[in-house]
Amino acid sequence: MTDITITLEDGPTGGRYVAVVDGHEAEMTFSKAGTSRIIIDHTAVPKALAGQGVGVALVKRGVEDARKNGVKIIPLCPYAKAQIEKHPEWQDVLA
């Protein structure tokens, strides 16, 4: 898999990370809980992109942005929660 380009769509109460690969869109959505926490509530990757690392790339980008911005993550999405649990180096951003 080549590098996956991820775009952040950020709004006042939440947003989403979007990756478009081969014409297929994957996303990870989040809500803001104040100014210091985000709640990852959903990750969706179409079947056409399954097994290509797109979901992991979305979670990784969210973790990197949280770290950069001094924000903690509450992973309510089961997929995001599982990925953060699998990567001890990402757990410093957990709320």
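Cut-offs used in this document
- All chains use their own residue numbering, which begins from 1 and follows the written sequence.
- The model is predicted, so local features are restricted to residues of pLDDT at least 70 and side-chain atom pairs to those at 80 or more, both for listing and for counting; the totals for chains, interfaces and linings are taken over all residues.
- With hydrogens and water stripped out, all remaining heavy atoms of the structure feed into the side-chain values.
- Runs of E in the DSSP output that reach at least two residues are strands. Runs of H or I that reach at least four are helices, and both are numbered from the N terminus.
- Among buried residues, the Ala, Val, Leu, Ile, Met, Phe, Trp, Tyr and Cys ones that are joined through side-chain atoms within 4.5 Å form a nonpolar core.
- Exposure categories follow from relative accessible area, calculated using a 1.4 Å probe and restricted to protein chains: below 20% of the type maximum is buried, above 50% is exposed, and the middle band is partly exposed.
- Whether two residues touch is decided by their heavy atoms; if any such pair falls within 4.5 Å, the residues are in contact.
- Arc, as used here, means the arc of the directions from the helix axis to the C-beta atoms.
- Polar contacts here mean pairs of N or O atoms no more than 3.5 Å apart (in protein, one a potential hydrogen donor and the other a potential acceptor; neighbouring residues in sequence count only if both atoms are side-chain atoms).
- Geometry of aromatic contacts follows a simple scheme: Phe, Tyr and Trp rings, the Trp one being its six-membered ring, pair when their centres are within 6.5 Å, and the pair is stacked under 30 degrees between planes, edge-to-face over 60, tilted otherwise.

### What to know about unusual backbone geometry
- Even without a glycine there, the phi angle at D22 is positive, about 50 degrees.
- By secondary structure assignment, the location of D22 is in the loop between strand 2 (14-21) and strand 3 (24-32).

### Here's the deal with the nonpolar core
- Counting 23 residues, the largest nonpolar core has I40, V54, L58, V59, V63 and I73 as the members making the most contacts within it.
- Of all the elements in the fold, those that place two or more residues in this core are strand 2, strand 3, strand 4 (37-44), helix 1 (54-69) and helix 2 (78-86).
- Non-local contacts of I73, meaning those with residues more than four positions away in its chain, are made with I38, I40, G62, V63, A66, I84, V93, L94 and A95.

### Comments concerning helix 2
- For helix 2, the set of buried residues is A80, Q83 and I84. Viewed along the axis of helix 2, the buried residues span an arc of 100 degrees, placing them on a single side of the element. Exposed positions of helix 2 whose direction lies more than 90 degrees from the buried face are P78, E85 and K86.

### Let's talk about the environment of D41
- Relative to the assigned elements, D41 resides in strand 4.
- Between the C-alpha atom of D41 and that of A80, which follows or precedes it by 39 residues, the distance is 8.4 Å.
- Reaching out from D41, the side chain makes a polar contact with the side chain of S31 at a distance of 3.1 Å.

### Things to note about the packing of aromatic side chains
- The final tally for this structure, using the stated rule, is one aromatic pair.
- Taken together, a centroid distance of 5.7 Å and an interplanar angle of 40 degrees make the contact between Y17 and F30 tilted. Of the two residues, Y17 sits in strand 2 while F30 sits in strand 3, which places them 13 residues apart along the sequence.
- By relative accessible area, Y17 is classed as buried at 4%.
- Judged by relative accessible area, which is 7%, F30 ranks as buried.

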